[in-house]
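Secondary and tertiary structure notes
Okay, here's what each chain looks like letter by letter:
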Amino acid sequence: MRLIIFLLIALLVILALTNPNEAEFRSHMQQKHGIAGTLSLKVASIFSAGTGTGVHRDNYFLFSRYYIGGDGILPRSDLAWGIGGKFYEIEEKPEPR
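Of all residues in the protein chain, 92% have pLDDT values of 70 or greater, and the mean over the chain is 86. Mean pLDDT across the elements of the protein chain ranges from a minimum in helix H2 (residues 22-47), with 84, to a maximum in helix H1 (residues 2-17), with 96.

In structure tokens, the structure reads:
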């Protein structure tokens, strides 16, 4: 029983230490999407109000959610989840009208 609890705690610590930040997400977007990813982040930063970074991060300590918009002209659009040093992009379905 102690081994299971120890392994669970070790897993939680590893996830917390490998939680990616905004700079790592920007690097991921540049590597995966090239110039289009870089330009989309720049456009989002132009239209965002206040912070000027464009990309926002909801930090949940073990994982993070990255999104653009929601603070100015652009509506909020979730981009990806970050967990364990990896990014999992979100495919948003268009809302029916």
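There's plenty left to go through after this.
This next bit is on the packing of aromatic side chains. Under the defined criterion, the tally for this structure stands at six aromatic pairs. Judged by centre distance (4.6 Å) and plane angle (5°), the ring pair of Phe25 and Tyr66 falls under stacked. Taken together, the positions of Phe25 in helix H2 and Tyr66 in strand S2 (residues 63-68) put the pair 41 residues apart, joining distant regions of the chain. Since its relative accessible area comes to 0%, Phe25 is described here as buried. Ring centres of Tyr60 and Phe63 lie 5.3 Å apart, and the angle between their planes is 35°; on these two criteria the pair is classed as tilted. We classify Tyr60 as partly exposed; its relative accessible area is 36%. By the ring-pair criterion, three or more aromatic residues cluster together here, those being Phe25, Tyr66 and Phe87. The lysine or arginine in question, Arg76, covers the ring of Tyr67, its NZ or CZ lying 3.5 Å from the ring centre.

Rules of the game
- Residues numbered from 1 in each chain as written.
- Predicted model: local features only at pLDDT ≥ 70, side-chain atom pairs only at ≥ 80, totals over all residues.
- Heavy atoms only, no water.
- pLDDT = per-residue confidence, 0-100.
- Helix = DSSP H or I, 4+ residues; strand = E, 2+ residues; numbered from the N terminus.
- Phe/Tyr/Trp six-rings, centres within 6.5 Å; stacked < 30°, edge-to-face > 60°.
- Buried < 20%, exposed > 50% of the residue type's maximum accessible area, 1.4 Å probe, protein only.
- Lys NZ or Arg CZ within 6 Å of the ring centre and 35° of its normal.

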